[in-house]
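Residues per chain, in single letters:
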Amino acid sequence: MGAGPEFPTTATAYQSVLSAVIEREVGPKAAEIDRTGDFPQEAVQALGDAGLLGLLSAPQVGGGGESLAAAAHVVESVGGRCASTGLVVLMHYAAVAVIEAHGPQDIRRAIARGDHLSSLAFSEVGSRSQFWTPLGTATAAEDGAVLLDARKSWVTSAGHAHSYVWSSRPLAGNGAMTLWLVPSDRAGLRVAGKFDGVGLRGNASSPLSGVGVLIPAELRLGADGAGLDVVMATAMPAFLVLSAALSLGIMEALMAETVKHLARSRLQHLDQTLAQQPVPRAELARLRIRTDGVRSFLRDTLAALDSGREDATLRVLEIKAVAAEAAAEVADGALRLCGGAAFRKELAVERLFRDALAARVMAPTTEALHDFVGRSCLGLPLFDAAGA
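Residues numbered from 1 in each chain as written. Predicted model: local features only at pLDDT ≥ 70, side-chain atom pairs only at ≥ 80, totals over all residues. Heavy atoms only, no water.

Chemist: Give me the lowdown on the overall build of the chain, citing residues and values where you can.
Modeler: Scanning the chain from N- to C-terminus turns up 14 helices and 10 strands. Here the chain has a C-alpha radius of gyration of 21 Å; the compact-globule value for 388 residues is 21 Å, and the two agree. Dimensions of the chain, computed from C-alpha atoms along their principal axes, come out at roughly 80 × 50 × 40 Å. Considering the chain as a whole, with its 388 residues, one finds that 55% of them fall into the buried category. Restricting to contacts in the chain with at least 6 residues of sequence separation, those with at least 24 account for 72%. (Helix = DSSP H or I, 4+ residues; strand = E, 2+ residues; numbered from the N terminus. Rg over C-alpha atoms; globule rule 2.2 N^0.38 Å. Buried < 20%, exposed > 50% of the residue type's maximum accessible area, 1.4 Å probe, protein only. Contact = heavy atoms within 4.5 Å.)

Here's what the structure looks like:
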């Protein structure tokens, strides 16, 4: 990451830059990243150099000025080749949505140049996946500074990001939370070990604690106490839509692997491939329809957001749950169709199967989103009042 990329000015150029990075840096290293659990630093560097980390940054700060739909295309494309890298990019874009709306100019320009990777730091040990109820505190210090204390439970790119969009209880105001931009080099931050998960093994999603982390009050993102409103207007739509895009990328990769396996695997006693058998073809069709349904739902969600449609919020609340459950279903179907070969590591299906399961339990979980959708349908507030 250097002086800053010359951002592509046409959709064709942007897609070709993306394709080049994926073919050169992302795809070839996916299996090794899964094996070792190492963070995909070279891929992130390449994405930054190509201008893709600055995709959502405003042109006024040197960024791409692209839409959430473009970000979804990037996450799907990257995630389909290496889901760990896809999640890193997803969380960066979700953080950038907040930083673009409320962050300082110097950080916005660094992101646009491709020199700055960010991430969200919301979920905490005490409140677990209920990120909307932070337990971490913010305390006024001398000279207008603020002390932050929290035990964050899952932070993607922990120890690798340059900053974290960090939630705490309000400093003095009312409301559920306040957001801060915390530089990763601040004293008092500690990453609790290397991530060792079932899937998405290179995303460095580790616990991150902060004890007496001192930052300037100017690094507050939005008004004191207004953090939840900021999240719902910026980070949450980006996160839920891009999570669905990542699931879709994994689903498309599973479909491609399954098609290849059925086409080349033979039943020698019949002198036919598996693709020539009606039962595997019917199951493949079911998985294809499920995948295409998610793509249609994602496109409709993006269209609803872009046009300000009345049901946009409902679509956003639905899309991650729709995609997460479909991805798990398609992964299971691909494993069954490809049989023992998929259970071994000779096919990418085994890795993709593990990667596909993560979205279900990533906050907000499928169960939490179902509750949100139910509340929305009933005209109820999404969140209970404190102490209710």
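Past the structure itself, the notes keep going.
Chemist: Any chance you could break down the sheet that holds strand E5 (residues 178-183) for me, citing the residues and the numbers?
Modeler: Sheet architecture is open: 4 strands sit in the order E1-E4-E5-E8, paired in mixed fashion. Since the sheet does not close on itself, it has two edges, and those belong to strand E1 (118-121) and strand E8 (220-221), each with one partner. Here strand E4 (residues 163-168) pairs with E5 via 6 bridges, running antiparallel. Pairing of Trp166 across the sheet is with Trp180, part of E5. (Pairing = 2+ DSSP bridges.)

Chemist: I'd like a description of the packing of aromatic side chains, backed by residues and values.
Modeler: Applying the stated rule across the entire model yields 6 aromatic pairs. Measuring from centroid to centroid gives 5.1 Å for Phe131 and Trp132, while their planes differ by 85 degrees, and the two rings are edge-to-face. The same class applies to Phe131 as to Trp132, namely buried. Ring geometry for Trp132 and Phe383: centres 5.3 Å apart, planes at 45 degrees, overall tilted. Here Phe383 lies in the segment after helix H14 (366-378) and Trp132 lies in the loop between E1 and strand E2 (137-140), a separation of 251 residues in the sequence. What makes Trp132 buried here is its relative accessible area of 14%. (Phe/Tyr/Trp six-rings, centres within 6.5 Å; stacked < 30°, edge-to-face > 60°.)

Chemist: Break down unusual backbone geometry for me, with residues and values.
Modeler: Omega for the peptide link from Ala363 to Pro364 comes to -10 degrees, which places this bond in the cis form. Here Pro364 lies in the loop between helix H13 (358-361) and H14. Non-glycine residue Asp143 carries a positive phi angle of around 60 degrees. Topologically, Asp143 is positioned in the loop between E2 and strand E3 (145-155). Backbone geometry places Asp271, a non-glycine residue, at a positive phi of 55 degrees. Secondary-structure assignment places Asp271 in the loop between strand E9 (266-267) and strand E10 (272-273). Judged by its relative accessible area of 55%, Asp271 is exposed.

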